[in-house]
Amino acid sequence: MTKPVAGCDVVVSFDFDAEEVWIGEDPGNAGRPGTLSQGTYGAKVAVPAVLELLRRLDITATFFVPGRVAERHPARVEEILAGGHEVAHHGYTHTSPTRLAPAEEEEELVRGAQILSALGADVVGYRSPSWDFSPVTLDLLVKHGFGYSSNLMDDIRPYRHATHDIVEVPVHWTLDDAAHFWFDIASWTKSIRTSAEVRALWEEEFAGYSAMNGLYVLTLHPQVIGRPGRLRMLEAFLTWLRDQDGSRFVTARQAAEGCA
Ligand SMILES: [Zn+2]
């Protein structure tokens, strides 16, 4: 008999970018309703569907939310919180810290945190809008009391940064839906993969993470994974993950705290 795959800890994280990711890509998109509507779909259709799916499966997730998305869709953030999920920081605008002056970056960090806190979130985590840092990002995160960052790809387990008192919860493109499904009319450089192909890749990675005792961090975007057919794949895949012996769903915050 074939031994079943032993599970490992799983973080289901969503970057709730809505319209801001398109405006961050090109400020001119703010005047392009068709382009922005891709992000609006995330708030209007996908987040409610994802919350219902998570409720059915009894999974607690982590949602990284830009401040401006929370301003535009406050009821959605409240629904995420009401579902018992973690809400964490994802910038104010969806702008990479590498493109901000230190003072601007600090202003975005403070403003984003204030908006999420005002909606009832206890914000301890930060994922930058680009999975990248400026030279001062870690300093600012420590200064403003963040407990963890979820940005780097140099490990498969959470670890404490050597230079700063903050935990890293590592990510990777293989486990990011956007790498497989993102389509941008401005470039046409990426093809849209089938859900079956992505699920096969994610199962393969899960077996590897389990064998190496890693922390399996899925990074999903409501506007990307929340298309109708992909939602069906997500539900089937999360059900499969849940049924693997020894697998356990944790929030990014719980994973970071476990590394203390
Ligand atoms: Zn994002």
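Everything quoted here is computed from the prediction, not taken from an experiment.

A.B. asks: I'm lost on the overall build of the chain in this one. Help?
C.D. replies: Scanning the chain from terminus to terminus reveals 11 helices and 9 strands. In summary, the chain has a C-alpha radius of gyration of 18 Å against a globular reference of 18 Å for 260 residues, a match within 12%. Taken along its principal axes, the extent of the C-alpha atoms in the chain is 60 × 45 × 35 Å. Out of the 260 residues belonging to the chain, those deemed buried represent 53%. Of the contacts made within the chain by residues no fewer than 6 positions apart, 70% connect residues no fewer than 24 positions apart. Element-wise, carbon and sulfur atoms account for 53% of the exposed surface of the chain, whose accessible area totals about 11500 Å². Put simply, the chain has 23 plus and 36 minus side-chain charges, and the middle of one group is 6 Å from the middle of the other.

A.B. asks: It is not clear to me how the side chain of H161 should be interpreted in this structure. Could you clarify?
C.D. replies: Mapped onto the elements of the fold, H161 is located in the loop between β6 (159-160) and β7 (167-168). Judged by its relative accessible area of 10%, H161 falls in the buried class. Of note is the side chain of H161, whose polar atom sits 2.7 Å from the side chain of E168. Every residue in contact with H161, bar those within four places of it in the chain, is listed here: F133, L138, L152, I166, V167 and E168.

A.B. asks: Honestly, the pairing of strand β2 (residues 62-65) in this entry has me stumped. Any pointers?
C.D. replies: On any regular strand, side chains alternate: one points to one face of the sheet, the next to the other face. Along β2, one buried face is formed by T62 and F64 and the opposite face, lined by F63 and V65, is buried too. Bridge analysis of β2 against strand β3 (residues 86-89) gives 4 bridges, and the strand direction is parallel. Counted as the bridge partner of F63 is V87 from β3.

A.B. asks: Would you take a moment to explain the nonpolar core for this structure?
C.D. replies: Most often, soluble globular proteins keep nonpolar side chains buried together rather than apart. Formed by 59 residues in total, the largest nonpolar core has its most connected members in F14, F63, V65, W202, Y216, L218 and L238. The biggest single contributor to this core is helix α2 (residues 33-57), with 8 residues. When near neighbours in sequence (up to four residues on either side) are disregarded, L238 contacts V12, L53, L54, L57, I59, L218 and F249. Counting 15 residues, the second-largest nonpolar core is a separate cluster that includes W131, L215, A255 and A256.

A.B. asks: Which parts of the structure should I look at to understand the coordination of the zinc ion?
C.D. replies: Each pair of donors in an ideal octahedron of six around a metal sits at 90 or 180 degrees, and each pair in an ideal tetrahedron of four sits at 109.5 degrees. Taken together, the protein ligands of the zinc ion are D17 (OD), D17 (OD), H90 (NE2) and H94 (NE2), with distances of 2.1 to 2.5 Å. If you look at the zinc ion, its 4 donor atoms make angles of 54 to 136° with each other, and the shape they trace is irregular. Mapping the donors of the zinc ion onto the primary sequence gives the spacing D-x72-H-x3-H. The exposure class assigned to H94 is buried, which follows from its relative accessible area of 9%.

Rules used in this analysis
Residues numbered from 1 in each chain as written. Predicted model: local features only at pLDDT ≥ 70, side-chain atom pairs only at ≥ 80, totals over all residues. Heavy atoms only, no water. Helix = DSSP H or I, 4+ residues; strand = E, 2+ residues; numbered from the N terminus. Rg over C-alpha atoms; globule rule 2.2 N^0.38 Å. Buried < 20%, exposed > 50% of the residue type's maximum accessible area, 1.4 Å probe, protein only. Contact = heavy atoms within 4.5 Å. Areas by Shrake-Rupley, 256 points an atom, 1.4 Å probe, with all protein chains shown as cover. Lys, Arg positive; Asp, Glu negative; His and termini not counted. Charge placed at Lys NZ, Arg CZ, Asp CG, Glu CD. Polar contact = N/O pair within 3.5 Å; in protein donor to acceptor, adjacent residues only side chain to side chain. Pairing = 2+ DSSP bridges. Core = buried A, V, L, I, M, F, W, Y, C linked by side-chain atoms within 4.5 Å. Donors = N, O, S within 2.8 Å, 3.2 Å for Na, K, Ca; no water. Tetrahedral: all angles 85-135°; square planar, octahedral: opposite > 155°, others 65-115°.

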